[in-house]
Amino acid sequence: MTHPLIDQFRFTRTEWLRGLDGVQEDDASRHFGPMNSIGWIVGHLTWHEQRYWLERAQSIVLFPELNQRFAYGSAMSTPSLKEMSDLWRTVTLTADPYLDGLTAETMLTDLMLNGQPIGQSVGSALRRITYHYW
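The model shown is predicted, which means the values in this text are computed figures rather than measured ones.

**Q** Is there a simple way to explain the pairing of strand β1 (residues 110-113) in this structure?
**A** Every regular strand shows the same layout, with side chains that alternate between the two sheet faces. Relative to strand β2 (residues 116-121), β1 runs antiparallel, the two being bridged by 3 bridges. Among the inter-strand pairings, Met 112 is bridged to a residue of β2, identified as Pro 117. Counting the residues between successive antiparallel strands, the hairpin from β1 to β2 contains 2 residues, one of them, Asn 114, with a positive phi of roughly 55°.

This is the structure:
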């Protein structure tokens with residue numbers, strides 16, 4: 001049985017996708033002042049998903065370019081919404097089996113980076129990334 005927080009996280013993802021439904025490529029590439037484009041925001045959330053659930057939880061990096069193009073503080077850019085949505089789907093589908101296996105106990109364990117604990121629990125990361133979707 002999937003942990004209830006994972007069910008809630010998946011609901012957050014689906015609501016976020018619902019908000020993107022019907023957004024056209026032209027609209028997704030617009031910048032309003034210093035605000036990033038929707039395409040960039042999708043890339044940024046993809047970076048978060050890969051960072052927590054693949055890289056830190058499982059030492060998997062599917063798309064290294066996400067770490068340069070969409071990390072916090074990276075330069076403003078205007079990636080394709082379709083391209084970023086495709087990457088997001090690949091990353092989230094790859095992460096889902098890991099998320100399905102989480103328990104109340106494993107939510108308390110530290111995420112790792114280069115074999116070292118980062119001082120952030122899996123549950124804390126889950127709350128953080130859920131916040132980013134909103």
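There is more to say after this.
**Q** Sorry, what's going on with the environment of Val 61 here?
**A** Checked against the element boundaries, Val 61 lands in the loop between α3 (38-58) and α4 (65-69). On the basis of relative accessible area, Val 61 is assigned to the partly exposed category, the value being 35%. As a C-alpha pair, Val 61 and Val 91 span 30 residues in sequence and 9.3 Å in three-dimensional space. Apart from residues no more than four positions distant in its own chain, Val 61 is found in contact with Gln 50, Glu 55 and Asn 67.

**Q** Please explain the packing of helix α1 (residues 4-20) against helix α5 (residues 81-100) as it appears in this structure.
**A** Two numbers describe a pair of packed helices, the interaxial angle and the distance between the axes. Across the interface, α1 lies against α5 with an axial gap of 12 Å and an inter-helix angle of 165°. One finds that α1 runs roughly antiparallel with respect to α5. Judged by the twist between their axes, the crossing of α1 over α5 is left-handed. Residues Ile 6, Phe 9, Arg 10, Arg 13, Trp 16 and Leu 17 of α1 form the contact with α5, whose own contacting residues are Trp 88, Thr 92, Asp 96, Leu 99 and Asp 100. Of the residues that constitute the contact of α1 with α5, the class distribution is 6 nonpolar, 1 polar and 4 charged.

Conventions adopted
- Residues numbered from 1 in each chain as written.
- Predicted model: local features only at pLDDT ≥ 70, side-chain atom pairs only at ≥ 80, totals over all residues.
- Heavy atoms only, no water.
- Pairing = 2+ DSSP bridges.
- Helix = DSSP H or I, 4+ residues; strand = E, 2+ residues; numbered from the N terminus.
- Buried < 20%, exposed > 50% of the residue type's maximum accessible area, 1.4 Å probe, protein only.
- Contact = heavy atoms within 4.5 Å.
- Axes fitted to C-alpha atoms, helices over the stretch in contact; angles between N-to-C directions.
- Parallel < 35°, antiparallel > 145°, perpendicular 65-115°, else oblique.
- Left-handed = near helix turned anticlockwise from the far one by under 90°.
- Nonpolar A, V, L, I, M, F, W, Y, C, P; charged D, E, K, R; others polar.

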